[in-house]
Amino acid sequence: MKHLATTAELKEGLVLRAYRSGFGYARLVVAGVTPYFYVTEAPDDFYRCVEAGETLSGYLWTQNSVSFEFGMSVAGKISVPPGGSDSSAGDRRFLAIAHTVDITSSPERRCLKASVSLPFRFFKISLAKSERSFYTEEIDHLDGVITMLSDREAVLETDHDLAPEALIRGRLSFDENHVDITARVLSAERGRIMRYDIEYTGLGERERNRILEYVFSIYRE
């Protein structure tokens, strides 16, 4: 999706992000669209704190990195008991949200960052210029800590000296997820502990979304 003139153009299954002051961000999935409002499935904790009549900040991020921002005026709340024989399942929670044409777009996706403390084992990558491929003659694993995380970049603290524009490869581990990343060193802050801004290269959309889900899970005010 490259253009969004009105939320009436939203499609079932799209993932939206909603921000509420005092809560933070929540993941909402479009469950249906009518001429007057759209319905999103909401997490229980977010559903409980939201009231009909209030306006949230909404975001839609697309695979081609275009982002849309708009107000989300909550028209009502719907709780649906489980169907069929599975009586142990909890109610499904939905928010009905009035349509809006007041939408702003940006060619880049908003990058949310969360403070974390994730052990990060990595190694430097050498570039074989003649073969246009990566190689390592001898892998020397180094240890560090990721202290800021987003789905596009991170901050790495380590005792080891890394050159500007250096390429590194390591594994992020969080919430039973493991994401292998290749990153480029953008800048360095030198001190007793070296602090580097790094940017992922060649990371797929699926891996970005796994990181993003983790960032949202800990992003609270």
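Residues numbered from 1 in each chain as written. Predicted model: local features only at pLDDT ≥ 70, side-chain atom pairs only at ≥ 80, totals over all residues. Heavy atoms only, no water.

### Digging into the pattern of salt bridges
To keep it simple, the criterion reads: Salt-bridge detection follows one rule: a side-chain nitrogen of Lys or Arg within 4 Å of a carboxyl oxygen of Asp or Glu. Every helix listed is a DSSP run of H or I at least four residues long, and every strand listed is a run of E at least two residues long, numbered separately from the N terminus. Buried means the residue's accessible area, taken with a 1.4 Å probe over protein chains only, is under 20% of the maximum for its type, while exposed means over 50%, and partly exposed covers the values in between.
Evaluation of the coordinates by the stated rule reveals 12 salt bridges. The shortest N-O distance in the salt bridge between glutamate 213 and arginine 17 comes to 2.9 Å. With a gap of 196 residues between them, glutamate 213 in helix H2 (residues 205–218) and arginine 17 in strand S1 (residues 15–20) connect regions that are remote in the sequence. For glutamate 213, a relative accessible area of 30% puts it in the partly exposed group.

### Structural notes on the packing of aromatic side chains
The condition is simple: Classification of ring pairs uses Phe, Tyr and Trp, with its six-membered ring standing for Trp, and accepts pairs whose centres are within 6.5 Å; under 30 degrees between planes counts as stacked, over 60 as edge-to-face, and the remaining range as tilted.
In the structure shown here, the tally under the stated rule is 5 aromatic pairs. Between the aromatic rings of phenylalanine 23 and phenylalanine 46, the centroid separation amounts to 5.1 Å while the plane-to-plane angle is 65°, which identifies the pairing as edge-to-face. One end of the pair, phenylalanine 23, is in the loop between S1 and strand S2 (24–33); the other, phenylalanine 46, is in helix H1 (residues 44–49), and 23 residues separate them in sequence. Each member of the pair, phenylalanine 23 as well as phenylalanine 46, is classed as buried.

### Quick word on the confidence of the model for the protein
So the rule is basically this: Confidence scores per residue from the predictor, reported as pLDDT, run from 0 to 100. By definition, residues are in contact when any of their heavy atoms lie within 4.5 Å.
Chain-level pLDDT for the protein is 86 on average; 86% of the residues reach the 70-or-more range. No element of the protein has a lower mean pLDDT than strand S9 (residues 133–135), at 48, and none a higher one than strand S3 (residues 37–41), at 97. Contacts of residues 129–137 to residues separated by more than four positions or lying in other chains number 14 contacts, the stretch itself having pLDDT below 50.

### Side note on the side chain of threonine 100
Defined as follows: N or O atoms closer than or at 3.5 Å make up a polar contact, with two conditions inside protein: a donor-capable atom paired with an acceptor-capable one, and, for residues adjacent in sequence, both atoms drawn from side chains.
Note that threonine 100 resides in the loop between strand S6 (92–98) and strand S7 (103–106). Its relative accessible area of 16% is what places threonine 100 among the buried residues. A distance of 3.0 Å separates the side chain of threonine 100 from the backbone nitrogen of aspartate 102, its partner in a polar contact. Excluding anything up to four places from it in sequence, threonine 100 contacts Thr6, Thr7, Phe70 and Gly71.

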